[in-house]
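Observations on the model geometry
Okay, here's what each chain looks like letter by letter:
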Amino acid sequence: MGKGTVAKVCRGPASIDVGSLCVHAVDSDAGLRYNRSGEGLRQARKRFSVVDEESVEEHGQAREELLYTAPRGTQDILPGEQPYWQYVEERIHTIAQLYGYQPMDVPVFERMAIYVQGVGQGTDIVDREMYCFRDRGGEELALRPEFTAGVVRAYLEHGMHVLPQPVKLYCVGPAFRYERPQAGRYRQHYQVSVEALGEQDPALDLEVMSVAWHIYDDLGFRGLSFQLNSIGCPRCRPGYAHVLRSYYGHHRGEICQDCHRRLEVNPLRVLDCKATRCQPIVAGAPHSSDFLCEECREHFATLLGYLDHLGRPYTLNHRLVRGLDYYTKTVFEVWAEEIGAQNAVCGGGRYDTLAESLGGPHVPGVGFGSGLERIILTMKWQGGQVPHLPEPQVMITYVGAEPKAASLTLVNELRVAGIRAQTSFGDRSLRAQLRQADRTGVAYAVILGEEELRSGQVAVKDMIAGGQHLVPSESIIDWLKAHLGVNEGT
Ligand SMILES: [Zn+2]
Ligand SMILES: [Zn+2]
């Protein structure tokens with residue numbers, strides 16, 4: 001288990017240490033508490049509540065919440081938000097595939113060891129933010145905090161080195177980090193992760209960076225720019241780390257507590273310290289790009305040449321180190337204008353040693369990850385519009401038992417014909433059904449009554465223009481298709 005992972009183990013069938021939330025059922029009569037595994041939970045007539053133990057730690061008092069609130073740091077993505085999500089995901093799929101990247105899924109959880117080995121001990125993700133648990137078989141697992149380690153694991157496991165290289169993949173899905181919830185940051189959040197494996201060429205760094213740029217440009221983001229740095233490789237980085245440590249050695253009294261720790265476990269991280277007192281020290285720190293070996297220097301210079309050639313604006317950012325152990329050579333972010341400031345919408349880089357740290361052969365790779373919540377937040381802030389999702393077109397209403405049965409057949413036929421048809425439930429009055437049709441926003445309401453069934457005709461009420469048409473039963477589908485503009489096969 002990672003250091004700092006809070007272990008509040010409920011006495012359940014599997015011990016759970018995924019954070020610090022325990023669920024209790026409060027018996028309002030006896031005041032007894034049952035834990036998650038308690039028999040009492042299954043009994044009826046209990047009042048349920050949740051004790052937010054994080055709040056106990058923070059404020060020293062229990063804040064009881066209703067059971068039906070989502071866990072801290074998670075959110076429901078309600079139907080009203082879905083147009084943004086569907087649109088953004090559709091654009092991601094289209095653009096990634098335009099560059100020849102193939103969709104792929106990896107499990108939501110993996111062996112914990114691949115993150116400890118791959119992402120690295122001493123990183124915030126592994127030490128503080130990972131959701132770790134033992135399953136019932138005693139295996140140590142972790143909810144994925146990011147995708148790259150899982151994708152590289154899959155590349156090795158499925159022998160993708162025999163495919164034409166580079167192997168270009170992308171994933172979209174949830175990732176999990178136990179961090180302080182704030183705007184655009186959730187403990188379950190969604191990411192797109194784009195990865196290119198098996199090739200060392202700096203032109204591939206450029207391609208991956210271009211995928212990110214293309215996605216944000218397509219979504220209409222303004223003020224885009226690359227932030228770029230090279231943090232070297234296992235050959236040259238130790239030399240730089242040594243120089244950095246000795247520089248910081250002269251400023252020991254001036255730096256924050258976190259930076260003392262970082263100097264021990266992950267020295268490059270001192271460069272992205274946010275503490276005010278550390279800023280002057282960071283500003284004067286030596287640059288990693290001045291300590292690159294010949295190979296790393298050439299790689300970086302070539303990439304910069306390609307960016308110049310393409311006319312992409314970039315800023316050399318010597319403070320950019322990214323928080324993960326697996327990065328080598330290129331690290332980058334894309335910044336966009338948001339809430340009056342420039343903010344990173346994605347981060348990535350090269351990870352040439354990751355496959356080896358998982359016990360595989362040498363497989364160079366480069367990729368980036370980007371949070372969908374952040375993308376959508378930026379889109380909204382920049383006033384981006386998204387198309388509406390398809391809405392119902394027709395409501396079938398009925399009066400009486402026989403027409404109701406007929407309505408169930410008709411609604412089925414309409415759906416087969418590609419018309420988004422609804423029917424009403426609960427045997428409400430015709431007036432109530434039409435009111436519902438109006439609220440649903442359909443264009444037409446079909447009215448089935450005993451009289452209509454006998455005469456072989458149905459009444460169709462135009463919900464937009466008003467007025468009513470009598471249509472022969474056998475041609476109702478064609479009539480609706482013609483009036484709704486529904487084509488065959490849609
Ligand atoms: Zn190097
Ligand atoms: Zn600091």
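To be clear, the structure that these remarks concern was listed above.
Source: prediction; values computed, not measured. (Residues numbered from 1 in each chain as written. Chains lettered and ligands numbered in written order. Predicted model: local features only at pLDDT ≥ 70, side-chain atom pairs only at ≥ 80, totals over all residues.)

**Brief notes about the sheet that holds strand 17 (residues 421-423)**
Pairing is mixed across the open sheet formed by five strands, whose spatial order is 17-16-18-19-20. Every interior strand has two partners, whereas the edge strands, strand 17 and strand 20 (468-472), have only one. Strand-to-strand twist in this sheet, taken as the mean axis angle between neighbours without regard to direction, amounts to 30°. Strands strand 16 (394-398), strand 17, strand 18 (444-448) and strand 19 (457-462) of the sheet are contacted by helix 14 (residues 430-440), whose axis makes an angle of about 175° with strand 16. (Pairing = 2+ DSSP bridges. Helix = DSSP H or I, 4+ residues; strand = E, 2+ residues; numbered from the N terminus. Axes fitted to C-alpha atoms, helices over the stretch in contact; angles between N-to-C directions. Contact = placed C-beta atoms within 7 Å.)

**Looking at helix 10 (residues 294-310)**
Between the first and last C-alpha of helix 10 there are 24 Å, a value that for 17 residues agrees with the 24 Å anticipated at 1.5 Å per step. Those residues of helix 10 that are buried are in contact with helix 6 (202-218), strand 11 (225-230), strand 12 (314-316) and strand 13 (328-338). Positive phi appears at glycine 311, one or two residues downstream of helix 10, with a value of about 75°. (Expected span 1.5 Å × (residues − 1).)

**Focus: the nonpolar core**
Counting residues in hydrophobic clusters, the biggest one holds 88 residues, and the most contacted among them are Ala212 and Tyr216. It is helix 6 that contributes the most residues to this core, nine residues altogether. In contact with alanine 212, other than residues within four places in its own chain, are Val334, Cys346, Phe368 and Ser370. Of all hydrophobic cores here, the second largest spans 19 residues; its members include Ile396, Ala406, Val460 and Leu480. (Core = buried A, V, L, I, M, F, W, Y, C linked by C-beta atoms within 7 Å. Buried ≥ 20, exposed ≤ 12 C-beta atoms within 10 Å, placed from the backbone.)

**Regarding the sheet that holds strand 8 (residues 140-143)**
Spatially, 6-8-7 is the arrangement adopted by the three strands of the open sheet, whose pairing is antiparallel. If you trace the sheet from one side to the other, it starts and ends with strand 6 (109-111) and strand 7 (132-134), each paired once. With strand direction ignored, the average angle separating the axes of adjacent strands in the sheet is 35°. Direction of pairing for strand 7 relative to strand 8: antiparallel, over a ladder of three bridges. The residue of strand 8 that forms the bridge with cysteine 132 is alanine 142.

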